[in-house]
Amino acid sequence: MSGKRIDITSKEELEILFNKCLAYYDNDDDKYMALALLVSDRSKDPRNQVGAVIASASGELLVYGYNGATMGVSDDDFPWDSTGEKTGDIMHNKDYFVVHAEMNAIINYLKTNRNGTLKDATMYVTWCPCNNCAKVIAQTGIKRIIYHRMYSKPEQITPNLFIFEKAGIECVPYSPYYEITKEDQMFQRSCIKSKLLKK
Ligand SMILES: [Zn+2]
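Note that the structure is a prediction, hence the values are computed from the model and not measured.

Novice: Got a sec to walk through the overall build of the protein chain? Specific residues and values, please.
Specialist: Summing up its helical and strand segments, the protein chain has seven helices and five strands in all. The burial tally for the protein chain puts 33% of its 199 residues in the buried class. In the protein chain, the proportion of contacts linking residues at least 24 apart, taken out of those at least 6 apart, comes to 61%.

Novice: Quick one: what's the story with helix α2 (residues 28-40), residue by residue and with numbers?
Specialist: Its 13 residues give α2 an end-to-end C-alpha distance of 18 Å, which sits within 8% of 18 Å, the value for a rise of 1.5 Å per residue. Summarising burial for α2: 10 of the 13 residues are buried, a large majority. Turning to α2, its buried residues number three or more, namely Lys31, Tyr32, Met33, Ala34, Leu35, Ala36, Leu37, Leu38, Val39 and Ser40.

Novice: Before we move on, can you summarise the environment of lysine 166 with the specific residues and values?
Specialist: With respect to the helices, strands and loops of the structure, lysine 166 is situated in helix α6 (residues 154-166). Separated by 28 residues in the primary sequence, lysine 166 and alanine 138 place their C-alpha atoms 9.0 Å from one another.

Novice: Lay out the pairing of strand β4 (residues 144-149) in plain terms, naming residues and giving numbers.
Specialist: Within a regular strand, the side chains alternate between the two sheet faces. Of all six residues making up β4, five are buried, and the element is well covered by its neighbours. Pairing of strand β3 (residues 122-127) with β4 involves five bridges; the strand directions are parallel. Each bridged residue has a counterpart across the sheet, and for threonine 122 the counterpart in β4 is arginine 144. In this view, the connection linking β3 to its parallel neighbour β4 by way of helix α5 (residues 131-140) has right-handed handedness. Examined bridge by bridge, β4 and strand β5 (residues 170-173) share four bridges and lie parallel to one another. When the sheet's bridge partners are listed, arginine 144 is paired in β5 with glutamate 170. In this fold, β4 hands off to α6, which returns the chain to β5; that crossover is right-handed.

Novice: I'd like a description of the packing of helix α1 (residues 11-24) against α2, backed by residues and values.
Specialist: In contact at an axis separation of 10 Å, α1 and α2 are set at 165 degrees when each is read in the N-to-C sense. For the element pair α1 / α2, the angle class is roughly antiparallel. Taken as a pair, α1 and α2 cross one another with a handedness that is right-handed. Judged by residue contacts, Leu14, Leu17, Phe18, Cys21 and Leu22 of α1 engage Lys31, Ala34, Leu35 and Leu38 from α2.

Novice: Kindly report on the environment of glycine 84, identifying the contributing residues and their values.
Specialist: With respect to the helices and strands, the residue glycine 84 is situated in helix α3 (residues 84-87). Judged by C-beta crowding, with 16 C-beta atoms within 10 Å, glycine 84 ranks as partly exposed. In this structure, the C-alpha to C-alpha distance between glycine 84 and lysine 94, residues 10 residues apart in sequence, is 8.2 Å. If we skip the residues at most four places from it in the chain, glycine 84 touches Asp89, Ile90, Met91, His92 and Asn93.

Novice: Summarise α5; cite the residues concerned and give the values.
Specialist: Given 3.6 residues to a turn, an α-helix orients residues that are three or four positions apart in the same direction. Along α5, the residues classified as buried are Cys133, Ala134, Ile137 and Thr140. When α5 is viewed along its axis, its buried side chains cluster within an angular range of 120 degrees and face the same direction. Facing away from the buried side of α5, by more than 90 degrees, are the exposed residues Asn132 and Gln139. On the buried face of α5, the contacting elements are α4 (101-112), β3, β4 and α6.

Novice: Give a description of the packing of α5 against α6 that names residues and reports values.
Specialist: Interhelical geometry of α5 versus α6 gives an angle of 5 degrees and a closest axis separation of 9 Å. Relative to α6, the element α5 is oriented roughly parallel. Residue-level contacts link Asn131, Ala134, Lys135 and Ala138 of α5 to Pro159, Asn160, Ile163 and Phe164 of α6. When its residues are assigned to classes, the contact of α5 with α6 shows five nonpolar, two polar and one charged.

Novice: Give me the sheet that holds β4: which residues, what numbers.
Specialist: Taken together, five strands build an open sheet; the order of strands is β2-β1-β3-β4-β5 and the sheet is mixed. Each of the sheet's edge strands pairs with one partner strand only, and the pair in question is β2 (61-66) and β5. Averaged over all adjacent pairs, the angle separating strand axes in this sheet is 15 degrees, with direction ignored. Pairing analysis gives four bridges linking strand β1 (residues 51-55) to β3, with the strands arranged antiparallel. Directly across from valine 53, in β3, lies its bridge partner tyrosine 124.

The rules behind each value
- Residues numbered from 1 in each chain as written.
- Predicted model: local features only at pLDDT ≥ 70, side-chain atom pairs only at ≥ 80, totals over all residues.
- Helix = DSSP H or I, 4+ residues; strand = E, 2+ residues; numbered from the N terminus.
- Buried ≥ 20, exposed ≤ 12 C-beta atoms within 10 Å, placed from the backbone.
- Contact = placed C-beta atoms within 7 Å.
- Expected span 1.5 Å × (residues − 1).
- Pairing = 2+ DSSP bridges.
- Right-handed = clockwise from strand over helix to strand, strands pointing away.
- Axes fitted to C-alpha atoms, helices over the stretch in contact; angles between N-to-C directions.
- Parallel < 35°, antiparallel > 145°, perpendicular 65-115°, else oblique.
- Left-handed = near helix turned anticlockwise from the far one by under 90°.
- Arc of directions from axis to C-beta.
- Nonpolar A, V, L, I, M, F, W, Y, C, P; charged D, E, K, R; others polar.

Here it is in structure tokens:
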């Protein structure tokens, strides 16, 4: 099993893979989760790369996002090391600065579709959404979330699932589901990419 990180550095390369991916898979869940995994590789976060893809109710690709720095801050200058979590140095704690993949996808959509709506859309995301993202997702009208990996602590899960349940949002693991480790995810991503590159 390969733990090698794939580096999709250019948007053009990602778009070529996207088009191959759209042609390769014959069902939306596989197709869009594969895209979300590809998108996650664009994140510069060394510890947790996350990708999110939103598809319309009719299965059309709407937008994607990955976790990254805020506007004006270069991904390369960003304090990804997160040493501040232990030392208390807030300027070296990415939690204060990073925009999550789900939020970036939603913002990217709204920025380019002023009269558009995410009502009844599906979000495919490589990690189950955190609490802040859950609150924003509930406000968009997104009706279904398919996630690839799940957090382990109840406080990272329970309030979010409560929000989704009350908003009538279905939040389900990507199927076929098994305990997906970080190594599995990297392996899966490298398989997706090598399959697509061969086509
Ligand atoms: Zn989040």
